[in-house]
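Close look at the chain arrangement
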Amino acid sequence: MFFPDPVRGLMEFRRVLRPGGRMAVSVNTVVERSYNHQINVMIARYVPGLAESVACTFALAEASKLRSLFDAAGFADFATDTVRHAFVLPS
């Protein structure tokens, strides 16, 4: 999600992957539940150079978009799955 050209990044990932090898990616999907995102938005108000990176954090949130990127990069056998994690932080 932070590559300027995500398809090119995945193509390079595929190029260096061993034949028959496996890879995994993790993307953030729910902006409303991300405390890190909220903090980064606040920081970006004072450090405008971070705003573009903050906006990219959830750029691949939709499984269909992720699938289309893997297709475009030449991956033939892949699956997407959504997993929910709950992080409990002490006060």
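Here the structure is a predicted model, which is why all the values come from computation and not from measurement. (Residues numbered from 1 in each chain as written. Predicted model: local features only at pLDDT ≥ 70, side-chain atom pairs only at ≥ 80, totals over all residues. Heavy atoms only, no water.)

**Topic: the overall build of the protein chain**
Rule in force here: Counting from the N terminus, the helices are DSSP H or I runs at least four residues long and the strands are E runs at least two residues long. Radius of gyration: over C-alpha atoms. The globule rule applied is 2.2 Å multiplied by the number of residues raised to the 0.38 power. Note on classification: 1.4 Å probe, protein chains only; a residue is buried when its accessible area is under 20% of the maximum for its type, exposed when over 50%, partly exposed between these limits.
Helices and strands together make up the secondary structure of the protein chain, namely four helices and zero strands. Counting from the amino terminus, helix and strand elements in the protein chain follow one another as α-α-α-α. In terms of C-alpha radius of gyration, the protein chain reaches 16 Å, well past the compact-globule figure of 12 Å for 91 residues. On the principal axes, the C-alpha backbone points of the protein chain span a range of 45 × 30 × 20 Å. Each of the 91 residues in the protein chain was classed as buried or not, and the buried ones make up 15%.

**Points about the nonpolar core**
Quick note on the threshold: As used here, the term nonpolar core means buried Ala, Val, Leu, Ile, Met, Phe, Trp, Tyr and Cys residues forming a set that is joined through side-chain atoms within 4.5 Å. Pairs of residues are marked as contacts when any of their non-hydrogen atoms sit within 4.5 Å.
Leu-10, Leu-60, Leu-66, Leu-69, Phe-70, Ala-73 and Phe-75 form the largest nonpolar core, which has seven residues in total. By residue number, the principal contributor to this core is helix H4 (residues 63-72), which donates three residues. Beyond its immediate chain neighbours, meaning those up to four positions away, Leu-69 contacts Pro-6, Val-7, Leu-10 and Leu-60.

None of this, on its own, says anything about what the molecule does.
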